[in-house]
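# Architecture and fold: a report
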Amino acid sequence: MSSSQHPVALRLERALGLRGAVSGPTKLLAIVMFLPLIDGIFPALILAGGIDSIAGILQVGLLVFGGSAVLAVILAEMDGSPTEQAKIVLLVAAGLLPLAALEAALAPTIASVIDLAIFERFAALVIAAIAAKTASARIGEYLPSPGVIVGLGFVASVNPAGFEIVLLPDPGLILRAVAAAGVGVAFALSIALGSPWLRRNLDIDSFRFGSAVALGVLPLALLGVVFEQAPLAVLVVAGVLAFDPGAEIHSEEEGDNETAEANSRERPYAPDREREPWL
């Protein structure tokens, strides 16, 4: 990112050549929010029981569909008024919610062909990998992509003997999936509408590290190692710690001071020749 240097968003930006494009930030936001549906993270969480409770829905929505990457794209890259940014978020939501519902509808069919006990561990592993990629771009270079981990998990847990096409999807599961995606949309909308205030009062990089920690706790919650609401609690604490009133003003003042110091070093001292001599 031009301002926040968010590893996930920066990698996508470089890979897709969006920097400098007029519609680059809009496309980048769409890709960041659709990524869990594209690389298999969301289906993996559905199969692992990640959205079987209200706490799970909130955590998946805030950490997977929302999170620090969405916040960084909106605050550091998107221009325009809050209303214009909110319209872009709603445009992304128009495609995000139906696709989330579709993947939830296919989940029972996928579940019939895999061993869920094995697949849950791979789902936890993919979330841990995303947390590491969010925390550090250098670490992310050495880790496989989420799609690769999900694919390996599917191969390791596949059980073709139990394959069954489910013609009647679970309405409750579809509703929970749409709700999780909706939480992510609501998060993005709140960031867009509050962007002028947030740019002045929120440290984006601090929130990124806190969000990475919350993502790292999510696999432990899926496996029952910690209590179910632990990731949500960590995210709330991260938001509080990232709150820094006047952060943008301080950064601008520091930038002005650095510029002034650089200029003073570049210009050698010379007496003012127009000044009248002392009598």
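All values reported here derive from a predicted model rather than from experimental measurement. Along each chain, residues carry numbers from 1 onward, in the same order as the chain's sequence is written. Local features in a predicted model are, by the rule used here, given only for residues with pLDDT of at least 70; side-chain atom pairs are given and counted only at 80 or more, and totals for whole chains, interfaces and linings are based on all residues. Side-chain metrics rest on all non-hydrogen atoms present in the structure, leaving aside hydrogens and water.

## Some details on the overall build of the protein
Under the DSSP-based scheme used, a helix requires at least four consecutive residues in state H or I and a strand at least two consecutive residues in state E, with every element numbered from the N terminus. Across its full length, the protein carries 13 helices and zero strands. Reading the protein from its N terminus to its C terminus gives the helix and strand order α-α-α-α-α-α-α-α-α-α-α-α-α. By the convention used here, residues are in contact when the closest approach between their heavy atoms is within 4.5 Å. Sequence-distant contacts in the protein: of pairs separated by 6 or more residues, those separated by 24 or more amount to 81%. Note on areas: Shrake-Rupley with a 1.4 Å probe; residue coverage comes only from the protein chains shown. Total accessible area on the protein stands at roughly 14,500 Å², and carbon and sulfur atoms take up 64% of it.

## With respect to the environment of V64
Checked against the element boundaries, V64 lands in helix α4 (residues 54-76). Whether a residue is buried, partly exposed or exposed follows from its accessible area with a 1.4 Å probe, protein chains only, as a fraction of its type maximum: under 20%, in between, or over 50%, in that order. The exposure class assigned to V64 is buried, which follows from its relative accessible area of 11%. Considering only alpha carbons, one finds V64 and F34, 30 residues apart in sequence, at a separation of 9.9 Å. In this view, V64 contacts P36, I41, L45 and Q59; residues no more than four positions away in its chain are not counted.

## A few points about the nonpolar core
To qualify as a nonpolar core, a set must consist of buried Ala, Val, Leu, Ile, Met, Phe, Trp, Tyr and Cys residues joined through side-chain atoms within 4.5 Å. If you look at the biggest cluster of nonpolar residues, it comprises 67 residues, and the most contacted ones within it are L29, F42, I51 and I74. Ranked by residues supplied to this core, first place goes to α4 with 14 residues. When near neighbours in sequence (up to four residues on either side) are disregarded, F42 contacts P36, L37, I51, V60, F65, A100, E103, A177 and A180.

## Thoughts on the packing of helix α6 (residues 116-135) against helix α8 (residues 146-157)
Note on definitions: angles span 0 to 180 degrees between N-to-C directions of axes, and those axes are lines fitted to C-alpha atoms, for helices only across the stretch in contact. Packing of α6 against α8 brings their axes to within 9 Å, and their N-to-C directions diverge by 170°. One way to sum up the angle between α6 and α8 is to call them roughly antiparallel. For the pair α6 and α8, contact is made by I118, F119, F122, L125, V126, A129, I130 and K133 and by P146, I149, V150, L152, G153, F154, A156 and S157, respectively. For classification purposes, an angle smaller than 35 degrees is called roughly parallel, one larger than 145 roughly antiparallel, one from 65 to 115 roughly perpendicular, and anything else oblique.

## Let's talk about helix α9 (residues 171-193)
End to end, α9 covers 32 Å across 23 residues, agreeing with the expected 33 Å (1.5 Å per residue, within 8%). Buried within α9 are the following residues: L173, A177, A180, A181, V183, G184, V185, F187, A188, I191 and A192. The N-terminus of α9 is capped by D170, whose side-chain oxygen sits 3.0 Å from the backbone nitrogen of G172. The span you would expect from a helix comes to 1.5 Å times its residue count less one. Polar contacts here mean pairs of N or O atoms no more than 3.5 Å apart (in protein, one a potential hydrogen donor and the other a potential acceptor; neighbouring residues in sequence count only if both atoms are side-chain atoms).

## Some details on the confidence of the model for the protein
pLDDT gives the predictor's per-residue confidence on a scale running from 0 to 100. Predicted confidence across the protein gives a mean pLDDT of 80, with 77% of residues reaching 70 or more. Within the protein, no element has a lower average pLDDT than helix α13 (residues 247-266), which sits at 50, and none a higher one than α9, at 95. Counting contacts from residues 18-22, a segment whose pLDDT is below 50, to residues more than four positions away or on other chains yields nine contacts. Ignoring residues within four places in sequence, the model shows residues 249-255, a span with pLDDT below 50, making one contact including any to other chains.

## Some thoughts on the packing of helix α5 (residues 82-111) against α9
For the pair α5 and α9, interaxial distance at closest approach is 8 Å and the crossing angle is 165°. It follows that α5 is roughly antiparallel to α9 by the angle criterion. For the element pair α5 and α9, the recorded crossing hand is right-handed. The residue makeup of the contact of α5 with α9, split by class, is 23 nonpolar, two polar and no charged. With the far helix as reference, a near helix turned anticlockwise by less than a right angle produces a left-handed crossing, and one turned clockwise produces a right-handed crossing. Put simply, Ala, Val, Leu, Ile, Met, Phe, Trp, Tyr, Cys and Pro go in the nonpolar bin, Asp, Glu, Lys and Arg in the charged bin, and everything else, Gly too, in the polar bin.

## Regarding the pattern of salt bridges
Only one rule defines a salt bridge in this text: a Lys or Arg side-chain nitrogen within 4 Å of an Asp or Glu carboxyl oxygen. Applying the stated rule across the entire model yields two salt bridges. With a shortest N-O distance of 3.7 Å, R176 and D52 are connected by a salt bridge. Placement of R176 in helix α9 and of D52 in the loop between α3 (41-47) and α4 is noted, with a sequence separation of 124 residues between them. Where R208 meets D205, a salt bridge forms, and the shortest distance between an N and an O atom there is 3.6 Å. Highlighted residues: R208 and D205, both in helix α11 (residues 204-222), separated by three residues, approximately one helical turn. When its relative accessible area of 28% is taken as the criterion, D205 is described as partly exposed.

## Description of the packing of aromatic side chains
Classification of ring pairs uses Phe, Tyr and Trp, with its six-membered ring standing for Trp, and accepts pairs whose centres are within 6.5 Å; under 30 degrees between planes counts as stacked, over 60 as edge-to-face, and the remaining range as tilted. If you walk through the whole model with that rule in mind, you get two aromatic pairs. The interplanar angle of 65° and the centroid separation of 4.9 Å between the aromatic rings of F42 and F65 together place this pair among those described as edge-to-face. Of this pair, F42 sits in helix α3 while F65 sits in helix α4, and the two are 23 residues apart along the sequence. Considered together, F42 and F65 belong to a single accessibility category, that of buried residues.

## Digging into the environment of A104
Among the structural elements, A104 can be located in helix α5. Taking the relative accessible area as the measure of exposure, A104 reaches 0% and is therefore buried. A C-alpha to C-alpha distance of 9.1 Å links A104 and L47, two positions 57 residues apart in sequence.

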